Amino acid sequence: MKVFEMTSEAIPKIARLMCTIKPDWWDYEGAFSQLSGVEDTIRTVGWYLGEDENTPKGWILCRELIGYRALELECSGFDDNGEFKLEHKLGELICAAESYARSKGYLTFRSGMSSIGFNIHKKKINSIADAIANLECDRIDYKWYLEQGFQVIGIQPNAYEKGFHLIILGKDLSE
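So, on to unusual backbone geometry. Excluding glycine, residues mostly carry a negative phi; peptide bonds, for their part, are mostly trans. For N81, which is not glycine, the phi dihedral falls at a positive 55 degrees. Here N81 shows up in the loop between β3 (70–80) and β4 (83–85). Judged by relative accessible area, N81 falls into the exposed class, the value being 74%. Although it is not a glycine, N158 adopts a positive phi angle of roughly 55 degrees. One can find N158 in strand β6 (residues 151–161).

Here's what the structure looks like:
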């Protein structure tokens, strides 16, 4: 067999294959749509805080991962008197996002943070399971996440550069 790039000309053939071999997952239109763009599988949604609608002070932007029934925090920030702050200042927005996710039937709310301040930062990770089991950090935003019911669900080693990892957090929304 040979490998071919998926082009717009090939998409109809691949969509037919998908709905033929797994019709309980895809009909032709659904397969074609998924292969043609991300609008049916990934969307963005966001919220912001402010004294009024014209003066934003903080925001969160999330991705709806429709096939995974999950909402994922893409980016966020808060202006705390000119100083950039993260999630722990955005509790109301996180609550709005969780409420939205539940209303859409999503089962997980995911987020991530850099390894700065964690005991694994700038270190080689030989075992992700061991790194998670022994993870330590005093960052206020990390502790805030844990207080909100998030837990570490993974680590992506070297996400930003060598030794600069991504801590992946998730919250079960099915309860």
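Let's shift gears to the pairing of strand β7 (residues 164–172). Where burial is concerned, most of β7 is hidden: 7 out of the 9 residues are buried. As paired strands, strand β5 (residues 108–114) and β7 are joined by 7 bridges and run antiparallel to one another. From the neighbouring strand, M113 faces β7, where its bridge partner is I167. Here β6 pairs with β7 via 6 bridges, running antiparallel.

Among the secondary structure elements, H121 is positioned in the loop between β5 and α4 (128–133). In terms of polar contacts, H121 uses its side chain to reach the side chain of S115, at 2.6 Å. Beyond its immediate sequence surroundings of up to four residues, H121 is in contact with S115, I116, G163 and F164.

Calculation criteria
Residues numbered from 1 in each chain as written. Predicted model: local features only at pLDDT ≥ 70, side-chain atom pairs only at ≥ 80, totals over all residues. Heavy atoms only, no water. Helix = DSSP H or I, 4+ residues; strand = E, 2+ residues; numbered from the N terminus. Buried < 20%, exposed > 50% of the residue type's maximum accessible area, 1.4 Å probe, protein only. Pairing = 2+ DSSP bridges. Polar contact = N/O pair within 3.5 Å; in protein donor to acceptor, adjacent residues only side chain to side chain. Contact = heavy atoms within 4.5 Å.

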